[in-house]
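A look at the structure
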Amino acid sequence: MALIQTKGRQDSGGGGASTDIYRVVNIKDFGAVGNGITDDTAAISAAIAALGTYKILFFPTGVYLVGSQLEVSLASIAIFGAGRFSSTIKLKNSSSIAEGQAILLLSAAGITVEDIGIEGNSTNNSTVSYSGIRWIGLNDLTVRRVAVNAVTNVGIYAFATTIPNLRNRISENYITNSGNIGIDLEYGKDSKITGNTSISSGGPGIIIGHGTTAGTHNSDKNLVQGNSINRAIPPTVIHPALGGVEYGFLIALNTGVDNTIVDGNHCWDNRNAVQDGIGLGQDGTNDPKGTIITNNIVGYAGLFGIDATSQSVVTNNYVYRPKQYGITAVIDLAGVLQDVTISDNIVIDPMYGGNVGLSAGIVAYSNIAGGLIKNLKITDNTVRNASVSYCQNGVHLDSTNAIFTDVEVAHNNLKSIVTTSVKPTGTSFTNLLVKDNLEKTPIHTLTVNSATPSVLGGDTFITANTTPTTYTSFLYGYDSQRIRIIFGGANTSLNSTGNIVATTTAPSQNDCIDYIYSSTTTKWHEVK
């Protein structure tokens, strides 16, 4: 056994200052060779069994071949290596590791694992689902500066059933080539996933709330910050249950995840998975709430860039070339989507390589009939076509399956959008405020041959009706809004049977008439 000096102090009995002394269990003292050829399983297991009152298990520089799961069940101990690329535990070819196991299983609270590597050798163990490091419902675990490569399941897996993973710290790890998920934190509370890198996973790079506890035991008050996720290159072995096909978001918050901050992450390219960049799962009952998504970079998302659900704030993010929408506020299942703020984001080239017919930078809608979207603010965002006009609509509010109430779309820069800056679909809108958005064409054309054209998002309109049309109402006015109608032809007339109080009912070609909307009378009044 070796002696090391720690940062603590204790009384030595002689009246002077002294330092804490802990004994280190060095696996080489128990016969571990570390040459990448000799099976060191028995030697490492003997060293773990010898820990007793000792607090540190040390892996010197070397590659330590193991043939089965290693388990550490002593609380409050530390497992250290000489560096995550210097000290490596490697699973040998055709090992006896069992389905659902991990190369390193932690079975007690307060364990720290630092500066060590885990090599899964998935090419030669491809028929079994196993993780790199795994634990089940434990408090105060720390996994830091660890490298995990080529496991068939999860790189770092905080599994849970009915007991939460409380105050876990997963930070500065380097996870590559995972067959399923990079980092999976189930039923996490007051935990942090920070500064990690996850490259080439078959499923999500990082997920919280996944598994049997999702929607039953809510994850709460977690931080996902400063991580880098890149899924541009598929893993060598994709998890057997996925059938060889990638799935999943770059960062995912599943059902039952509340009060979580997703901040300052770099999420890049999951086009192989055809899934969202930062996604929020829904089940209609335990949808995520209290989520702040801020300061993230999301590039080349395989579907949407960022999802928003109830009681969420999506702000100051940069979304680059998602295959479909840039930012979405969507009801996927039953329930209400409410109290959502989408502000100060930049969305560049949405619909990149996707379906231009569905294109929009920011969109809100429901996938089921009878949805309710309320208290939604979309403000101060920029949606831009940088080089090619993929995106046809800046902001799209689709009320086909939903009722919208108390919605504001204001101060957005939509100047490069080629078709419609703000596009409402349907008529199920109450208290819809659209104003002061920067648009490519400030003069809008009222070409719909109907009695109730929309004046949403503009202040000057020119008629271009090809057949005789009588306007009875202008849709989507807000209090004190003033609009000007330029009558571009002789096919347009007005009457006062709807919400237009018209003095001039048969305007001549090129007449200009102003109207002001009053929320008191709920009518547009002609300005004399």
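See the structure shown above.
Structure report, in brief.

1. Looking at empty space enclosed by the protein
Considering all chains together, one arrives at 1 cavity of 30 Å³ or more under this definition. Considering the residues around the largest cavity, the lining is formed by Gln 282, Asp 287, Thr 309, Ser 310, Val 330, Ile 331, Gly 335, Val 336 and Leu 337. Elements with a minimum of two residues in the lining of the largest cavity: strand E37 (327-331) and strand E38 (336-343). When grouped by side-chain class, the residues that make up the lining of the largest cavity number 4 nonpolar, 4 polar and 1 charged.

2. Concerning the sheet that holds strand E54 (residues 500-501)
Strand order across the open sheet formed by 6 strands is E49-E50-E52-E55-E56-E54, with mixed pairing between neighbours. In the strand order of this sheet, the two ends are held by strand E49 (443-446) and E54, each with one partner. Summarising the sheet, E49 and strand E50 (residues 460-463) pair through 4 bridges and their orientation is parallel. Bridge assignment links Leu 446 to a residue of E50, and that residue is Thr 463.

3. Things to note about the nonpolar core
One finds Ile 79, Leu 106, Trp 135 and Leu 397 to be the most contacted residues of the largest nonpolar core, which totals 91 residues. Other than its neighbours up to four places away in sequence, Leu 106 contacts Val 72, Ile 79, Ile 111, Val 113, Ile 133, Arg 134, Trp 135, Ile 136, Leu 138 and Leu 141. Membership of the second largest hydrophobic core comes to 15 residues, among which are Val 455, Tyr 471, Ile 485 and Trp 524.

4. A look at the pairing of strand E15 (residues 154-159)
Within E15, 6 of the 6 residues are buried, which leaves it mostly tucked inside the rest of the structure. Inspection of the sheet shows strand E12 (residues 131-136) paired to E15 by 4 bridges, in the parallel sense. In the sheet register, Ile 133 faces E15, and the bridge partner there is Ile 156. Across 4 bridges, the pairing between E15 and strand E19 (residues 181-185) is parallel.

5. Some details on the environment of Leu 280
Of note, Leu 280 is situated in strand E31 (residues 278-280). With relative accessibility at 3%, the residue Leu 280 sits in the buried group. For the pair Leu 280 and Ile 208, spaced 72 residues apart in the sequence, the C-alpha separation amounts to 9.8 Å.

6. Topic: the environment of Ile 403
Relative to the helices and strands, Ile 403 is located in strand E44 (residues 402-410). A relative accessible area of 46% places Ile 403 in the partly exposed class. Distance in space between the C-alpha atoms of Ile 403 and Thr 341 is 18 Å, their sequence separation being 62 residues. With residues up to four places along the chain from it excluded, the contact list for Ile 403 reads Gly 371, Leu 372, Ile 373 and Ser 428.

7. A closer look at a nonpolar patch on the surface
Together, Ile 261, Ile 292 and Val 313 make up a nonpolar patch on the protein surface, roughly 190 Å² of accessible area in all. Looking at the element boundaries, Val 313 is found in strand E35 (residues 312-315).

What counts, and at which threshold
Here the residue index of a chain counts from 1 through its sequence in written order. Reporting of local features is limited, given that this is a predicted model, to residues whose pLDDT is at least 70; pairs of side-chain atoms are given and counted only at 80 or more, and all residues count toward the totals for whole chains, interfaces and linings. The side-chain figures draw on all heavy atoms in the structure; neither hydrogens nor water molecules are used. Each cavity reported here is a set of points on a 1 Å grid over the protein atoms alone in which a 1.4 Å probe fits but cannot get out, each pocket an open set with protein on both sides within 12 Å along at least five of seven lines, and each lining residue one with an atom within 4 Å of a point. Grid points are joined across faces, edges and corners, and a volume is the space filled by probe spheres set on the points. By definition, any uninterrupted DSSP run of H or I lasting at least four residues is a helix, any uninterrupted run of E lasting at least two residues is a strand, and each is numbered from the N terminus. Put simply, Ala, Val, Leu, Ile, Met, Phe, Trp, Tyr, Cys and Pro go in the nonpolar bin, Asp, Glu, Lys and Arg in the charged bin, and everything else, Gly too, in the polar bin. Should DSSP find at least two bridges between two strands, the strands are regarded as paired. Side-chain atoms within 4.5 Å are what join buried Ala, Val, Leu, Ile, Met, Phe, Trp, Tyr and Cys residues into a set we call a nonpolar core. Three exposure classes are used, based on accessible area relative to the maximum for each residue type with a 1.4 Å probe and protein chains only: buried under 20%, partly exposed in between, and exposed over 50%. By definition in these notes, contact holds between two residues if any of their heavy atoms fall within 4.5 Å. By definition, no residue in a patch forms a salt bridge, and every one has over 30% relative accessible area; like charges are joined within 9 Å, nonpolar side chains (Val, Leu, Ile, Met, Phe, Trp, Tyr) within 5 Å. Using the Shrake-Rupley algorithm and a 1.4 Å probe, accessible areas are obtained, with residue cover drawn only from the displayed protein chains. By convention in these notes, a salt bridge is any Lys or Arg side-chain nitrogen within 4 Å of a carboxyl oxygen on Asp or Glu.

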